[in-house]
Amino acid sequence: MTTQHHHEHHAHGQSAPAVAEIALTACFCGTELAHLEHDLRSRPGVTSVHIDRTRSVAHVGMDPAQTDRAQVEAFLRQAGYDCTCRDCADSTCQHGHPAAGHDDEHAAHAAPEEHAHAAPEEHAHAAPEEHAHAPAKEHEHAAQREHAGHDMSQMGPEHAGHDGHEGHGADMVADMFRRFLISAVLTIPIILYSPIGETFGFTAHPPFGLSMAWFGLILATPVVWWGGWPFISAAARSLRRGEVTMMTLIATGILVAYLYSIGATLLGEEEDVFFEAAAMLTTLSLIGHWLEMRSRYATGRAVEALLSLAPPTARVRRHGEEQEVPLDQVVTGDEIVVRPGEKVPVDGEVLDGSSYVDESMITGEPVPVAKQAGTKVVGGTINTTGAFTFRATAVGADTALARIVQMVRNAQASKAPAQRLADTAGKYLVYVALGAGALTFLGWALFGSHGIGFAVTAAVSAVVIACPDALALATPTAITVGVGQGARGGVLFKNATALEATAGVTTAVFDKTGTLTAGTPSVTDIVALDGVGEGDLLRLAASADQPSQHPLAEAIVAAARDRGSAVNPPQDFDSVPGHGVVATVEGRRVLIGNARLLEQEQVPLAALPDRAAALAADGKTAMYVAVDGLPWGLIAVADKVRDSAKAAIGVLHDDGVRTVMLTGDQTRTAEAVARQVGVDRVLAEVLPEDKAANITRLQGDGAKVAMVGDGVNDAPALAQADVGIAIGAGTDVAVETADVVLVRDDPADVAYALQVARAVRTKIKQNLFWAAIYNLLAIPVAAGVLYPSLGVLLRPEWAALLMSASTIIVTVNALLLRRLRPRRTAAV
């Protein structure tokens, strides 16, 4: 056992519970893991336990005042487990982390201070909207470097962190395969010299003058005790706890066949031995478990793929010189140079240069994104053409890639409510299997006429084929693959409970600003009167508005610059509160604002009010423009609907999901957006503190509600909903409160989240049904009920193969989830 110690964690001056991540290096059984989880939880001082069955890794939270890692290690050793243990600050059991599989229903989420999204006034420049910004955490450069050097969550297999046990699963798979190969080499001669070999025409006698019984004993002994040790040791551990597991069934079958054959050999009843059954049962159980483990650990490859995205080094510019440094030595504020074809090492903001960056591995979007000064870049993405320099804004565990990896890991490790049912069923199925074996033996021994050997063969077959391994893995394999596939498409589920809840959603509630709309105003219409050019109208209006900091003014200035117009500061500028702006541009007096401004300046409105009313009906804010006392036209500004919003709503309707818009914006604007995107119902002019109450009313009508939002004022509603879905670029509090995070700023991914969740639910149901029905049908056949009428008897070795086949089928069925792809919506 190796132990690596990390720094202590403190919260508010108190020592936080320590969390150990424990790799169980010789634990191959899903049902055994369920029992071990229970036993660990009952230990004094253990505050939380969760075992990730896809990796055979336990996360154990401990109260330092009552126990420590050494005591947990001692307990595991005494119980017969080999393991590697270490502190793991980012374990799924870490205090404050998303509860892995715990049904807290968001009760712990505290609503932050709430702020309304103020809608722009209809005809006038309103006061700039106030936004609360949490102060950024500033650290000293040296302190950052020290922290980075000890960060447990640096990406890459060479770094300590949550992926520190990443290779442990592969080692277990390799060990199982090695045992199979050697066992197979020893088993083949036993089969050839057994009655099975005779059926294929092999009639030679064993070498060295040995009888078939003694030859089988010599070769079967290492197969049973070395090759079968994973099963026998697991069964012994279970018996010491007074429990039985799937491994108990396999070990029982192997040992009954082996020990019965030894007894027959020593008593001279050599014709009744079946060492070949014990050896084949061991060998086929090994290959079956190897195939199952190989598939099961493959389900976590989405995380391994994410871990490989970040490069091991970064090219940092310090003191005017470029130097290549290990990734864990990069700190916030460093200037990093990225050349064509290189990976972006950490998150940051471009300082100079331009390029196109492939962000498909993070967002699922295949089209490279343009980057220039001021735009953000994400660690793990690939620079394609140009070169640029950016300033690091997030490193180590704070990068988007690290957060995505951690979120995916937590979700894959978490336990869905359906898993508890499977664990209970698996526990009782073990007793059913043992009972079936005992009844089979007694039935054939007492009422049959084929001898004790026949009764033992049938009993062993019944016990082996009933192993509930497939039942134990039915749920976690589907969850692991589904969560990984969601991550590939830009959808992050925080835990299995959220995944299961998402599958049941019947109503999707959308915030408007920043979710269905872009969240920033932009010019939508330019209405120029006869004799006035649109370009001149926009240029003079933008120049007049250039000194203003109002969002609507900034939208007009941005539109003019996008069209190539020169926007020069006005010679004179005056803001008229509640009305608009009066400015002198190029020697001309320009007015831009509402109708009252023009009336005050005695400028005729002509036909502009009718056009303004029509624009307002579409949810657009129309501003009047006059030059030198004459009306020139209108410029309409609106929060533009996202290109994919209408198609996204359509896909949800196709899936039978009702859609609702919940917004603090004025009713007319909200209804105009709703008409564009096709939302079923609009709840407008809702205060932030009332949004959660509206969600509650929808739930009271029987709806399973998913709330989709991005802002601070969405957090209470996200917490109240059955499933909270945060747009990835939203505020930190929205992302923290939500159960599902959409990496891309695209409402279309809501439908993909539901698609993944429902597909996983379907696979879980299929797997549970297959695992249960397989055992119900297989046990009677293995017990020999068809032998009297059809002469069909399933030997133990074939029962082992069929038992393993059921597990492989369940795993492969879960792997079919990898075929899921986001249904990309067309722009509208």
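Criteria and cut-off values
- Residues numbered from 1 in each chain as written.
- Predicted model: local features only at pLDDT ≥ 70, side-chain atom pairs only at ≥ 80, totals over all residues.
- Heavy atoms only, no water.
- Core = buried A, V, L, I, M, F, W, Y, C linked by side-chain atoms within 4.5 Å.
- Buried < 20%, exposed > 50% of the residue type's maximum accessible area, 1.4 Å probe, protein only.
- Helix = DSSP H or I, 4+ residues; strand = E, 2+ residues; numbered from the N terminus.
- Pairing = 2+ DSSP bridges.
- Axes fitted to C-alpha atoms, helices over the stretch in contact; angles between N-to-C directions.
- Parallel < 35°, antiparallel > 145°, perpendicular 65-115°, else oblique.
- Left-handed = near helix turned anticlockwise from the far one by under 90°.
- Contact = heavy atoms within 4.5 Å.
- Nonpolar A, V, L, I, M, F, W, Y, C, P; charged D, E, K, R; others polar.

1. Re the nonpolar core
Next, step 1: Residues Ile-250, Phe-275 and Ile-465 are the most contacted members of the largest nonpolar core, which totals 61 residues.
Next, step 2: Among the elements that make up this core, the one with the highest residue count is helix H9 (residues 275-298) (11 residues).
Next, step 3: Counting 52 residues, the second largest nonpolar core, distinct from the first, contains Ala-645, Val-651, Leu-742 and Val-810.

2. Points about the sheet that holds strand S20 (residues 572-576)
Next, step 1: One open sheet holds the six strands; their spatial order is S19-S24-S23-S22-S21-S20, and the pairing between them is antiparallel. Sheet topology places strand S19 (517-528) and S20 at the edges, where each strand pairs with a single neighbour. The average undirected angle you get between the axes of adjacent strands in this sheet is 20°.
Next, step 2: In the sheet, strand S21 (residues 580-585) pairs with strand S22 (residues 588-593) via six bridges, with the strands oriented antiparallel. Along S22, the bridge assignment pairs Gly-580 with Gly-593.

3. A few points about the packing of helix H7 (residues 229-240) against helix H8 (residues 246-266)
Next, step 1: Viewed as axis vectors pointing N to C, H7 and H8 meet at an angle of 120°, and their least axial separation amounts to 8 Å. The orientation of H7 relative to H8 falls into the category oblique. In terms of crossing hand, the pair formed by H7 and H8 is left-handed. Residues Phe-231, Ile-232, Ala-234, Ala-235 and Ser-238 of H7 lie in contact with H8, whose contacting residues are Met-247, Thr-248, Ile-250, Ala-251, Ile-254 and Leu-255.
Next, step 2: A per-class count over the contact of H7 with H8 returns nine nonpolar, two polar and no charged.

4. Focus: the sheet that holds strand S10 (residues 335-338)
Next, step 1: As summarised here, the arrangement of the six strands in space is S9-S8-S10-S16-S11-S14, forming an open sheet in which the pairing is antiparallel. At either end of the open sheet lies a strand with only one pairing partner, and these are strand S9 (321-326) and strand S14 (376-377).

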